[in-house]
Amino acid sequence: AKEFYILVTGLSTLQKGATSDHLRQLAILQLKAIEKLGDSLTHLSPQDQYTIRLANVVAQKETGNTKEALLLLENLTQSFPKSLAAQALLAETLQQTNTAPNLAASLDKFRQLTHKCRPNTEPWFRAKYGVARTLLLQGKKEEAAQRIQYLQLTSSALKTSTWNDRFGQLLLECQNK
């Protein structure tokens, strides 16, 4: 079991620097390794199980199995309710489906995350961005723009974060649509 864990996590590491063409191929390899792991997963530590299950979700998404990824994410967030990373990935995946019910669920999850994360941190900015992006996708461009402008005025940490440019671009999208 530990050998497959090492293989799966190694493939995850390779995915971080891979081109889009290679991402899919690495994801397919990852899914095959996870399938071989099977019931042996229960012999790993809870943290290692979490890592494998999260890698499974990402691989499912990379291979276009969004429905399966959503099911796995729902299960993962129930098993590991304190994992903000899994909850953020669930909110983002719901958002990417771009259907009205999933956008509503995504918005709800992102809003929950803004309350669970410490303000002015990477996860908090990620959640705030998710709220604004989801509002834009729902056609609520004025509300999305207002939220971004308010954040730009009230968060001095935003100016020095990696999120500053993303929020600026999203604000332009809100104003141009």
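See above for the structure.
Cut-offs applied
Residues numbered from 1 in each chain as written. Predicted model: local features only at pLDDT ≥ 70, side-chain atom pairs only at ≥ 80, totals over all residues. Heavy atoms only, no water. Helix = DSSP H or I, 4+ residues; strand = E, 2+ residues; numbered from the N terminus. Buried < 20%, exposed > 50% of the residue type's maximum accessible area, 1.4 Å probe, protein only. Contact = heavy atoms within 4.5 Å. Areas by Shrake-Rupley, 256 points an atom, 1.4 Å probe, with all protein chains shown as cover. Lys, Arg positive; Asp, Glu negative; His and termini not counted. Charge placed at Lys NZ, Arg CZ, Asp CG, Glu CD. Axes fitted to C-alpha atoms, helices over the stretch in contact; angles between N-to-C directions. Parallel < 35°, antiparallel > 145°, perpendicular 65-115°, else oblique. Left-handed = near helix turned anticlockwise from the far one by under 90°. Nonpolar A, V, L, I, M, F, W, Y, C, P; charged D, E, K, R; others polar.

**Examining the overall build of the protein chain**
Part 1 of the argument: When helices and strands are counted, the protein chain shows 9 helices and 0 strands.
Part 2 of the argument: Going from the N terminus to the C terminus, the protein chain shows its helices and strands as α-α-α-α-α-α-α-α-α.
Part 3 of the argument: Its C-alpha atoms give the protein chain principal-axis dimensions of about 50 × 30 × 30 Å.
Part 4 of the argument: Relative to its 177 residues, the protein chain shows a buried fraction of 38%.
Part 5 of the argument: Taking the contacts inside the protein chain whose residues are at least 6 apart along the sequence as the reference set, 55% of them involve residues at least 24 apart.
Part 6 of the argument: Counting only carbon and sulfur atoms, one obtains 53% of the accessible surface of the protein chain, whose full area is about 10100 Å².
Part 7 of the argument: Taken as two groups, the 22 positive and 15 negative side-chain charges of the protein chain have centres that lie 5 Å from each other.

**Thoughts on the packing of helix H3 (residues 46-62) against helix H5 (residues 84-97)**
Part 1 of the argument: Taken N-terminus to C-terminus, the directions of H3 and H5 make an angle of 15°; their axes are 12 Å apart at the nearest point. For the element pair H3 / H5, the angle class is roughly parallel. For the crossing formed where H3 meets H5, the hand is left-handed. Along its contact with H3, which presents Tyr50, Leu54, Val57, Val58 and Lys61, the element H5 presents Ala85, Ala86, Leu89, Thr93 and Gln96.
Part 2 of the argument: Along the lines of polarity and charge, the residues of the contact of H3 with H5 split into 7 nonpolar, 2 polar and 1 charged.

**A few points about unusual backbone geometry**
Part 1 of the argument: Even without being glycine, Asn98 reaches a positive phi, approximately 55°.
Part 2 of the argument: Structurally, Asn98 can be placed in the loop between H5 and helix H6 (100-116).
Part 3 of the argument: Of the residues examined, Asn98 reaches a relative accessible area of 44% and is grouped as partly exposed.

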